[in-house]
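Topology and contacts: notes
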Amino acid sequence: MSSNRIYFFDTTLRDGEQSPGVSLNIKEKLEIARQLTRLGVDVIEAGFPIASPGDFAAVQAIAREIRGATIAALARANQLDIDRAWEAIREAEEPRIHTFIATSDIHLQYKLQKSREEVLAQAVEAVKYACRYTPNVEFSAEDAFRSDIDYLAQVVTAVIDAGAKVVNIPDTVGYATPEEFGAFIRELREKVPNRDQAIFSVHCHNDLGLAVANSLAAILAGAQQVECTINGIGERAGNAALEEIVMALYTRRSIFQKEFRIVTEEIYRTSRLVSALTGMKVQPNKAVVGKNAFAHESGIHQDGVLKNRATYEIMNPELIGLHKNTIVLGKHSGRHAFRDRLQQLGYQLEGEQLEQAFQRFKELADRKGEISDEDLLVIVEGEILRV
Ligand code: KIV
Ligand code: ZN
């Protein structure tokens, strides 16, 4: 394991799917999992198998088909959840059981109604039990950032001794600020004597809009895995956005000096796919993948960019797979150009769906002349939602 390597753990299909109003079927989850593999994520958290028979079936289908990424399943720290998680992922090329329990006093007192000693014992038992199935076990201390750091260090040390290969430190309620979170991770690592026997991971929520900044601060403090979602979707205000962490690590590489295996050119395509299938629109001014992220409106900016892109662009849009339109689509364009352009935008329409979308494109081209990417997205997303 290189100390410079950052592992990307994508939880779009688990924490991301916990976004209010989002529910993906098996086919959609598989489609996203395939695209996450092309994107090069190290771990796909495919779901929470005990949560429902549908979730179990989706995790199992992903474990059976997907190759080239670790497939993780979530389980509370009890035998029933762990058995179910293992059953769902056992056919994966590289399965991982991800078990968790809260460690903050507020969760212990009101949610779990357990003492610190009881939770410590349960965490160790759960990790040992999961290790009977696979050595690839991750332990998460839910609400870690609001936990007493000495107690958290005791839990983390004990679960590493019990066999956990990854220990995840979530800021479950998005309460931390970057300076604090970086210092917290640094101090925690110092308090864990067997720290070199496990990968330290972080999992930041975005309640104060700081999830990405907190994840980056944690990386500078020694975290080696980041948990994140595409477009930052997830519970409440969401999770850290994968595309923002990746592009910060890349664009400011002289600061971070980290390696990762994400294929940045797949970012835009992945973002569009997740947006279309979850129905969660990406805000236009969203960093990296928003519609306006590379648009220049004011005359001064346009003039600067025409003279030299670097005047107002810190990233080349092609790096995230956003190709500036060189072929203008209009009423004379054929199916081939139409289909190619859709593929660049992240959509693979076939058969009847392609035909219907093409007809709508032709009708619009007759009225409008030139068809923009935004027009195409309206057409194609309308077509996908119709089935
Ligand atoms: O936010 C959180 O604490 C979680 C854990 C289950 C990892 O999602
Ligand atoms: Zn979470």
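Computed from a predicted model, the values in this text were never measured in an experiment. (Residues numbered from 1 in each chain as written. Chains lettered and ligands numbered in written order. Predicted model: local features only at pLDDT ≥ 70, side-chain atom pairs only at ≥ 80, totals over all residues.)

On to the overall build of the chain, then. Helix and strand counts for the chain stand at 15 helices and eight strands. Expressed along its principal axes, the backbone C-alpha trace of the chain runs to roughly 70 × 45 × 35 Å. For the chain, the residues scored as buried account for 45% of the 387 residues in total. If you take every contact in the chain between residues at least 6 apart in sequence, the share linking residues at least 24 apart comes to 73%. (Helix = DSSP H or I, 4+ residues; strand = E, 2+ residues; numbered from the N terminus. Buried ≥ 20, exposed ≤ 12 C-beta atoms within 10 Å, placed from the backbone. Contact = placed C-beta atoms within 7 Å.)

Another aspect to go through is the sheet that holds strand β7 (residues 199-204). Strand order in the closed barrel formed by eight strands is β1-β2-β3-β4-β5-β6-β7-β8, with parallel pairing between adjacent strands. Neighbour-to-neighbour, the strand axes of this sheet turn through a mean angle of 25°, independent of strand direction. Summarising the sheet, strand β4 (residues 95-102) and strand β5 (residues 137-142) pair through six bridges and their orientation is parallel. Paired with H98 across the strands is E138, a residue of β5. Its contacts with the sheet place helix α3 (residues 79-89) against β3 (70-76) and β4, and it is angled at close to 160° to β3. On the sheet, helix α5 (residues 116-131) packs against β4 and β5 and is oriented at approximately 170° with respect to β4. (Pairing = 2+ DSSP bridges. Axes fitted to C-alpha atoms, helices over the stretch in contact; angles between N-to-C directions.)

A few words on the UniProt feature "domain: Pyruvate carboxyltransferase" (unreviewed entry) in the chain. Mapped onto this numbering, the UniProt entry annotates "domain: Pyruvate carboxyltransferase" (unreviewed entry) at residues 6-268. Between the end C-alpha atoms of residues 6-268 the distance is 21 Å, and the span holds 44% helix and 17% strand. (UniProt positions renumbered as here; feature names shortened; annotations may be inferred.)

What follows is about the nonpolar core. Ranked by size, the top nonpolar core spans 101 residues in total, and within it I44, A46, I71, A73, V167, V226 and I245 carry the most contacts. Sequence-distant contacts of V167, defined by excluding residues within four places in its chain, comprise F139, V156, V159, I160, A198, F200 and S201. Counting residues in hydrophobic clusters, the runner-up holds 10 residues, among them Y347, A357, I371 and V380. (Core = buried A, V, L, I, M, F, W, Y, C linked by C-beta atoms within 7 Å.)

Another aspect to go through is the site of ligand 1. The environment of ligand 1 is made up of D15, F100, S140, E142, N168, P170, T172, H203 and H205. At the level of elements, β5 and β6 (166-171) are the ones that each hand at least two residues to the shell around ligand 1. Its residues assigned to classes, the shell around ligand 1 comprises two nonpolar, five polar and two charged. (Near = placed C-beta within 6 Å. Nonpolar A, V, L, I, M, F, W, Y, C, P; charged D, E, K, R; others polar.)

As a further point, take the packing of helix α1 (residues 26-39) against helix α2 (residues 53-65). Where α1 meets α2, the closest approach of the two axes is 9 Å, and the angle between their N-to-C directions is 40°. The angle between the axes of α1 and α2 places the two elements in the oblique class. Handedness of the α1/α2 crossing: right-handed. Together, I26, K29, L30 and A33 of α1 and A57, A58, A61, I62 and E65 of α2 make up the contact between the two elements. Across the contact of α1 with α2, the residue classes break down as seven nonpolar, no polar and two charged. (Parallel < 35°, antiparallel > 145°, perpendicular 65-115°, else oblique. Left-handed = near helix turned anticlockwise from the far one by under 90°.)

Under the UniProt annotation, "binding site: Mn(2+)" (unreviewed entry) lies at D15, H203, H205 and N239. The annotated residues occupy 225 residues of the chain but converge on a single region, no pair of C-alpha atoms lying more than 10.4 Å apart. Since 30 C-beta atoms lie within 10 Å of it, H203 is described here as buried. If sequence neighbours within four positions are ignored, H203 has contacts with S140, N168, P170 and E227. With residues up to four places along the chain from it excluded, the contact list for N239 reads T11, D15, G16, H205, N206, A211, C228, T229, G232 and G234.

Most of β3 sits inside the fold, with six of its seven residues counted as buried. With four bridges joining them, strand β2 (residues 43-47) and β3 adopt parallel strand pairing. Its bridge partner lying in β3, E45 is registered against A72. Bridge count for β3 against β4 is six bridges, and the pairing is parallel. In the strand pairing of β4, A72 is matched with R96.

Here the focus is the environment of A51. Among the structural elements, A51 can be located in the loop between β2 and α2. The exposure class assigned to A51 is partly exposed, which follows from the 16 C-beta atoms found within 10 Å. Along the backbone, A51 and D81 are 30 residues apart, and their C-alpha atoms lie at a distance of 9.0 Å.

What follows is about α5. Look at α5: 23 Å from first C-alpha to last across 16 residues, which is about the 22 Å you get at 1.5 Å a residue. Among all positions in α5, only V119, A123, A126, V127, Y129 and A130 are buried. What you see down the axis of α5 is that its buried residues fit within an arc of 160°, all on one side. Contacts made by the buried residues of α5 are with α3, β4, α4 (105-112), β5 and α6 (149-162). (Expected span 1.5 Å × (residues − 1). Arc of directions from axis to C-beta.)

Before going further, it helps to examine the pairing of β5. Most of β5 sits out of view: six of its six residues are buried. Alternating residues of β5 divide into V137, F139 and A141 and E138, S140 and E142, and every residue in both groups is buried. Sheet analysis places β5 next to β6, joined by three bridges and oriented parallel. By the bridge assignment for β6, S140 is matched with N168. With α6 bridging β5 and its parallel neighbour β6, the resulting β-α-β unit is right-handed. (Right-handed = clockwise from strand over helix to strand, strands pointing away.)

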